[in-house]
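# Residue-level structural notes
Each chain, letter by letter, is given below.
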Amino acid sequence: VVVSLFPDLLYTSPMVTRRNLLNLNPSSASNDNDRSGEDGSTTGTTSNNSSSKPPCVRRKIRLGIISGFLHEGSSVTLDFQGVITRLDTTIFDIWYIYLRERTNLEPAKFLVNNKDIPSDRVIMISRDPEMNVGENSHMWLGETRNRIVKLNLDILYYLDCTMSSHVHRLAMSKLAPVQAVSHGHPMTTGIPSQIMDYYISWAAAELPYSKSSKHYTETLKLLPADTLHQYYEPRVVVINNERHSANDGMPFGKLVAAGRRDVLPKVPSDGNWYLCMSKPFKLHPEFSNFVAGILRADPNARIILHDADIPEHQRILRRRLENAGVNSIEFKQRVHFVPVQPHHRLLALYELSTVVLDGYPAGGCTTTREVLELGKAIITLPAKFLGSRWTLGYYNILNDSKLNDAVIAKNENEYVRLAVALGTNSNNIRTETEKRIRDNVHKLFHRDEPIQEWTKIFLDISPICIHTDKDTKKADEDTSNERNKSLNKNINTCSSQT
């Protein structure tokens, strides 16, 4: 839609055009099964035996990682930091580009005073307020394009796109031979594939490739379903034998021991607590039917939902619940809204709840990992798009079919049935389910496989390959050096003209 309304935002750098002419851009093969298998996986066809192989050079792949959310505490930073900081720097030259739409948000700590990341590899681009009005409104875009083009990147990788208007507009520019976007915001950019080549997702959380590939304007590349997609560290740390939040550093074990009344003093501590702390904007009207169904099926149920920040949004949410059948005084007295909680109190709330409910159709990602880490069960109903399928993906990694049967619903009625079964601990199902989670949750943390799989993806989509055969190094050296000299001369010429 944005492209059709503002076609002038589409732009291709002259440098990229020149590299196309030098046969350094694989975009003509981006939809070819030679480079992407029918399941979206890496096929390994960038080897020297490939008929459509990219040129081989003796240098690292120049990788730019860009986001509007490379600030401390951002969900995007928390999700991607583990992998992007562990990529092999003998393979990749990496630049971090933080597009600061909100200048009061400082860069993430891993980017600052990090001996492994030179300061000249962290580029912060803020929009000058004087470039915000009238004829100057697009000056920032041109200057930002120029700064990125001068990096001479091979791959420009967007961690997210559609949550930032600045990033979204910039992403309509072809600033590197290969551009890719990923699931910092789990939806397609909608940008033509000639500009945004690839969307990188996770097979464990997608429908089969034949279906999921139709959800994206980009060519879909998938990380394997049988490995985790990111390198995660636990959100709970033990300090002096007491559990603390890794986010705010505060202890929460004593809160749990004190009980529900200390965590949520305004909510009656009795009954079965069904908790959903998804932001209200993630909850579609269908979710209200889940709430009404649980209240009907479990007379001891108390539903705890996230309060809306804006009063009108709160009124809308209440009207939806009433329309779904939560309209009696008795039902209303069993639905409670709570504000944003400090992270350590949120962890305590998860642990003190009877069962946690995944939002619908936008489910949890970080939330799900935190709930599972605490050994609690979360009920989920996967829809067809990626944003609703993270919890399914994590359960698939835990790899316990009986656990999946207890927590993954196929429809609205089953969502209610599974939630109530856990809430009432029918036939000790909650006890067994939580044990299965505790026995398997270690599989979500400190996994090196995602780093290896991301490396494979970047090597597969790269417009260049790297010589690794030592036996042919001497024979190829002269030819390779001449090609590199020619390439660098052309790139530098284009950069000076941009």
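Scroll up to find the structure this text is about.
All values derive from a computational prediction rather than experimental measurement. (Residues numbered from 1 in each chain as written. Predicted model: local features only at pLDDT ≥ 70, side-chain atom pairs only at ≥ 80, totals over all residues. Heavy atoms only, no water.)

### Remarks on the overall build of the chain
This is how the line gets drawn: A helix here means a DSSP run of H or I that spans at least four residues, while a strand means a run of E at least two residues long, and both kinds are numbered starting from the N terminus. Note on classification: 1.4 Å probe, protein chains only; a residue is buried when its accessible area is under 20% of the maximum for its type, exposed when over 50%, partly exposed between these limits. Note on contacts: a residue pair is in contact if any heavy atoms of the two residues lie within 4.5 Å. Areas reported here follow the Shrake-Rupley algorithm with a probe of radius 1.4 Å; residue values treat only the protein chains shown as occluding.
Counting its secondary structure elements, the chain contains 19 helices and 18 strands. Counting only residues that meet the buried cut, the chain has 54% of its 498 residues in that class. Of all intrachain contacts in the chain linking residues separated by at least 6 positions in sequence, the fraction that spans at least 24 positions is 71%. About 22600 Å² of surface is accessible on the chain, with carbon and sulfur atoms providing 49% of the total.

### Remarks on the packing of aromatic side chains
Under the convention used in this document: Only the six-membered ring of Trp is used, alongside the rings of Phe and Tyr, when aromatic pairs are assigned; centres must lie within 6.5 Å, and planes under 30 degrees apart are stacked while those over 60 apart are edge-to-face, with the rest tilted. Throughout this description, the term charge over a ring refers to an Arg CZ or Lys NZ atom that lies within 6 Å of the ring centre and within 35 degrees of the ring normal.
Using the criterion set out here, one finds 13 aromatic pairs in the structure. Taken together, a centroid distance of 5.2 Å and an interplanar angle of 70° make the contact between Tyr157 and Phe458 edge-to-face. On the criterion of sequence distance, the pair formed by Tyr157 in strand β6 (residues 155–158) and Phe458 in helix α18 (residues 449–461) is long-range, its members being 301 residues apart. Across the pair, Phe458 and Tyr157 agree in class, each one buried. When the ring of Phe287 is compared with that of Phe290, the centres are 5.7 Å apart and the planes differ by 65°; the resulting orientation is edge-to-face. Taken together, the residues Phe287 and Phe290, both in helix α9 (residues 285–297) and three residues apart, mark about one turn of the helix. Judged by relative accessible area, which is 2%, Phe290 ranks as buried. What links up through ring pairs into an aromatic cluster is the set Phe80, Phe92, Tyr157, Trp454 and Phe458. For the cation-ring pair, Arg121 lies above Trp95, with the distance from its terminal atom to the ring centre recorded as 4.0 Å.

### Side note on the nonpolar core
As a reminder of what qualifies: Nonpolar cores are built from buried Ala, Val, Leu, Ile, Met, Phe, Trp, Tyr and Cys residues. Side-chain atoms within 4.5 Å join them into one set.
In this structure, Tyr157, Phe287 and Phe458 are the most contacted members of the largest nonpolar core, which totals 144 residues. The leading source of residues in this core is strand β4 (residues 92–100), at seven residues. If near-sequence neighbours (up to four positions away) are discounted, Phe287 is found in contact with Cys276, Leu305, Leu357, Asp358, Gly359, Tyr360 and Tyr415.

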